[in-house]
Amino acid sequence: MANDATGSIMPEWDAGALSEEGDRLLRSGLKLQHMRMILALDEHGQISAAANVLNVSQPAASRMIAEMEDILAVPLCERLPRGIRLTPYGNALARRARAVLLEMREVDREISDLKSGKGGSVFLGAVTAPAIELAVPAIRKIRTLYPRIEINVQIETSSMLARELLASRHDFIISRIPDELNPRLFESRVIGIEKACLMVRRGHPLVAAADLRLEQMNGYEWVFQPSGSLLRRTIESIFMSHNVPLPDRVLNTSSVLLTLVMIAQSDAIAPIALEVAKFIRSSEGLGGAIEILPVPFEINVQPYSMIRARNRALSASAQLLYDYILREIR
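What this report covers is the structure whose coordinates are included nearby. (Residues numbered from 1 in each chain as written. Predicted model: local features only at pLDDT ≥ 70, side-chain atom pairs only at ≥ 80, totals over all residues. Heavy atoms only, no water.)

Comments concerning unusual backbone geometry
Positive phi is not limited to glycine here, since N55 has a value of about 60°. Tracing the backbone shows N55 in the loop between α3 (47–54) and α4 (58–72). With a phi close to 55°, N243 is a non-glycine residue in the positive phi region. By the element assignment, N243 lies in the loop between α9 (230–241) and β11 (250–252). A residue is classified by how much of its surface remains accessible, and N243, at 71% relative accessible area, is exposed. (Helix = DSSP H or I, 4+ residues; strand = E, 2+ residues; numbered from the N terminus. Buried < 20%, exposed > 50% of the residue type's maximum accessible area, 1.4 Å probe, protein only.)

Next up, the structure:
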């Protein structure tokens, strides 16, 4: 992909293989600044906010929108009493613009890495369990062989990670595709099932209980992930399948640190990924004063996957981490 003297996008494709309409669009004069504008409109929903993001005046932003609509011969946004809303044509352009600008970002990143000799950078998102079980060992091995690669890791919920991936803020993620997103937007490979457990403080009254039943846990305070999270839904479904009322005393938090503080300083019960619990309890890990509650049922959360955005190539350093994580699968 190259730019002409005016900054117009001029992809170097085989024009003879394109339809007449497609050839017209390639020669239409759409510019990178147009791509940035449609993305800013998509993200902010206001012309004034988009203008601020691009550091142009609002009249100039309006002219850019008019230019794009004139080039494409379709309306890209609908003016509302407060802000704008992209039309289906605008949404289509924004989706493709995001991919174009991502590729430009990757070009800039690779050139910068070559100039500095840094070796590349990777942006990975993951849910907690595979981050500990798979990503950390892979990162340690890469650090030994390629110490100049910069690796950035974000731990979040699957819903947040999937949206960050689509927004081009991650190279790939290890999580699940949320039900509310179109799975056709992703390329995924199932690599494991996340197991969870119930954690309590050392010396908790239930640890020594014989034949522990779910009914006995109902009266205690619980620390849950926010409503709607996958682990929480899994625990709630276990309660309902056993015809046991859901706990009434609940603290909601997405913070693993706050969860650990709560169970360490009270009789609260918290569902946590099994890999996290093992690490906290082990002498090689944090050696925490917590226990895994011996319950008569398994807590198996929905399988997680290695997920990439469809039709988006990984950089060399991102592909390296991707491959090393796959090697950790047992």
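Notes on α3
Each α-helix turn comprises 3.6 residues. Residues three or four places apart therefore point the same way. When we look at burial in α3, the residues that qualify are I47, A49, A50, A51 and L54. Buried residues along α3 sit in contact with α2 (32–44), α4, β3 (77–79) and β4 (84–86). Positive phi appears at N55, one or two residues downstream of α3, with a value of about 60°. (Contact = heavy atoms within 4.5 Å.)

Here's the deal with the packing of helix α6 (residues 128–145) against helix α12 (residues 316–327)
Put simply, α6 and α12 touch, their axes get as near as 8 Å, and they point 125° apart. It follows that α6 is oblique to α12 by the angle criterion. The two elements α6 and α12 meet at a crossing, and its hand is right-handed. Facing α6, whose interface residues are L134, A135, A138, I139, K141, I142 and L145, α12 presents L320, L321, Y324 and I325. Of the residues assigned to the contact of α6 with α12, the class counts are ten nonpolar, no polar and one charged. (Axes fitted to C-alpha atoms, helices over the stretch in contact; angles between N-to-C directions. Parallel < 35°, antiparallel > 145°, perpendicular 65-115°, else oblique. Left-handed = near helix turned anticlockwise from the far one by under 90°. Nonpolar A, V, L, I, M, F, W, Y, C, P; charged D, E, K, R; others polar.)

Quick word on the environment of L76
Take L76: it is sitting in the loop between α4 and β3. Taking C-alpha positions, L76 is 10.0 Å from L41, a pair spaced 35 residues apart along the chain. Once you skip the residues sitting within four places of it in the chain, L76 turns out to touch I38, M68, E69, L86, T87, Y89, G90 and L93.

A short note on the sheet that holds strand β15 (residues 304–309)
An order of β6-β5-β7-β15-β8 is seen for the five strands of this open sheet, with the pairing classed as mixed. Either end of the sheet is taken by a strand with one partner, and the two such strands are β6 (150–155) and β8 (186–192). The average angle at which neighbouring strand axes cross in this sheet is 20°, direction not considered. For strand β5 (residues 121–126) and β6, the ladder comprises six bridges, and the chain directions are parallel. Residue pairing for β6: V122 is matched across the bridge by I151. Here helix α7 (residues 158–166) sits on the sheet and contacts β5, β6, β7 (172–175), β8 and β15; the angle it forms with β7, its principal contact strand, is near 165°. (Pairing = 2+ DSSP bridges.)

Thoughts on the layout of surface pockets
The calculated volume of the second largest pocket comes to roughly 790 Å³. Residue lining of the second largest pocket: 34 residues in total, with T157, S158, Q225, S229 and L230 positioned closest to the centre. A breakdown of the residues in the lining of the second largest pocket according to their chemical character gives 15 nonpolar, 13 polar and six charged. (1 Å grid on protein atoms, 1.4 Å probe; cavity = no way out; pocket = protein on both sides within 12 Å on 5 of 7 lines; lining within 4 Å. Points joined across faces, edges and corners; volume = space filled by probe spheres on them.)

With respect to the packing of aromatic side chains
Scanning all chains against the criterion turns up three aromatic pairs. Between F172 and Y322, the ring centres sit 5.1 Å apart and the planes meet at 80°, which makes this aromatic pair edge-to-face. Highlighted residues: F172 in strand β7 and Y322 in helix α12, separated in sequence by 150 residues. Side by side, F172 and Y322 carry an identical accessibility label, which is buried. Taking 5.5 Å as the distance between ring centres and 25° as the angle between the ring planes, the aromatic pair formed by W222 and F224 counts as stacked. Joined through ring pairs, the aromatic side chains of W222, F224 and F239 make up one cluster. Between the NZ or CZ atom of R308 and the centre of the ring of Y322, over which it lies, the distance is 5.4 Å. Sitting over the ring of Y324, R327 keeps its end group 4.3 Å from the ring centre. (Phe/Tyr/Trp six-rings, centres within 6.5 Å; stacked < 30°, edge-to-face > 60°. Lys NZ or Arg CZ within 6 Å of the ring centre and 35° of its normal.)

A closer look at empty space enclosed by the protein
Under the counting rule described, the total for this entry stands at one cavity of 30 Å³ or more. By volume, the largest cavity amounts to about 40 Å³. Lining of the largest cavity is provided by L102, R105, E106, H170, D171, R312, A313, L314 and S315. Across the lining of the largest cavity, the residue classes tally to three nonpolar, two polar and four charged.

Re helix α11 (residues 274–281)
Among all positions in α11, only L274, V276, A277 and I280 are buried. Each buried residue of α11 sits inside an arc of 160° when the element is viewed along its axis, so together they form one side. The secondary structure elements touched by the buried residues of α11 are α6, β9 (195–201), α10 (256–264), β12 (270–273) and β13 (290–292). (Arc of directions from axis to C-beta.)

These results come straight from atomic positions and should not be treated as a statement about function.
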